[in-house]
Amino acid sequence: MEFENSFEVPLPPDRAWAVLLDVPNMVKCMPGAELVEIVDDKTFKGKVTVRLGPVTMNFAGTVKFTEMDAVNHRALATARGNDAKGRGAANANIQFGLDPSPSGSIVTIKTTLSLTGAVAQYGRASGVIKELANQITSEFAGRLRHQIDAENASPVSTQDPATNSVSAPSTPPPVESLSAGRLLWKVIFAYFSRLFGRRQG
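Residues numbered from 1 in each chain as written. Predicted model: local features only at pLDDT ≥ 70, side-chain atom pairs only at ≥ 80, totals over all residues. Heavy atoms only, no water.

(A) Structural detail: the overall build of the chain. Regarding its fold elements, the chain presents four helices and nine strands. For the chain, the succession of helices and strands along the chain, N to C, is β-α-α-β-β-β-β-β-β-α-β-β-α. Within the span of the chain, comprising 201 residues, buried residues form 32% of the whole. Counting every atom, the chain has about 12,100 Å² of accessible surface; 55% of that belongs to carbon and sulfur. (Helix = DSSP H or I, 4+ residues; strand = E, 2+ residues; numbered from the N terminus. Buried < 20%, exposed > 50% of the residue type's maximum accessible area, 1.4 Å probe, protein only. Areas by Shrake-Rupley, 256 points an atom, 1.4 Å probe, with all protein chains shown as cover.)

The structure is reproduced here in structure tokens:
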């Protein structure tokens, strides 16, 4: 199955490109992801946990960048993972692109996903999987924007003229952790809203 996701970041393409290729840092923004090993500057091993209702899928695998075009801000990567309980595998080819926008850059991710084994049953509900990808991308983009805003925030302390006391700059609120149950219901609600919306039209 194929699907496309996009989001905007408040950085020009050159700066956004450097941020997005900082894989160890980006993994921190990805819901359910964990970096296990940096094989080299283009190959990374990790784990991804996805929960659908009572079923939790734990994939361990490798992501490898096969092409990188820093001039045009384009990259290709392959991702291969196997479920820890032997219920199947997921393979993906991913295209990344960055384009300028009035407020920064638009990041576009095009994914071709193949599921095998028992997990392939979820592939039959491709609409649900696409909605899941949309929600995960939205969570990732929110965490990334929060991280960028925190880094760009001024560290200068402020002084209260009434008390002549100095206060430290306010700390941005922590990013909300991913709730699998909440995410699942958001996916289901969005999927059926679109389904019934098309029927009514």
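Now that the structure is up, let's keep going.
(B) Here's a closer look at the side chain of His73. Relative to the assigned elements, His73 resides in the loop between β4 (55-69) and β5 (74-83). At 3.5 Å, the side chain of His73 and the backbone oxygen of Ala70 are in polar contact. Once you skip the residues sitting within four places of it in the chain, His73 turns out to touch Pro13, Asp14, Trp17, Phe96, Gly97 and Leu98. (Polar contact = N/O pair within 3.5 Å; in protein donor to acceptor, adjacent residues only side chain to side chain. Contact = heavy atoms within 4.5 Å.)

(C) Broad picture of the pairing of strand β7 (residues 104-117). Where strand β1 (residues 2-9) and β7 come together, eight bridges link them in antiparallel fashion. Bridge assignment links Phe3 to a residue of β7, and that residue is Thr111. Pairing of strand β6 (residues 88-101) with β7 involves 14 bridges; the strand directions are antiparallel. Residue pairing in the sheet places Ala92 in a bridge with Leu113 of β7. (Pairing = 2+ DSSP bridges.)

(D) Spotlight on the confidence of the model for the chain. Confidence in the prediction for the chain averages 78 pLDDT; 71% of positions are at 70 or higher. With pLDDT under 50 throughout, residues 165-185 is counted as low confidence; its partners more than four residues away or in other chains account for 34 contacts. (pLDDT = per-residue confidence, 0-100.)

(E) Seen up close, the pairing of β5. In β5, alternate side chains face the same way, and those of Ala75, Ala77, Ala79, Gly81 and Asp83 are buried while those of Arg74, Leu76, Thr78, Arg80 and Asn82 on the opposite face are not. Pairing between β4 and β5: 10 bridges, direction antiparallel. Residue pairing in the sheet places Lys64 in a bridge with Thr78 of β5. Connecting β4 to the next strand, β5, in antiparallel fashion are four residues, including His73 with a positive phi near 60°. Here nine bridges tie β5 to β6, and the two strands are oriented antiparallel to one another. Along β6, the bridge assignment pairs Asn82 with Ala89. From the end of β5 to the start of β6, which pair antiparallel, there are four residues, and Gly86 there has a positive phi angle of about 70°.

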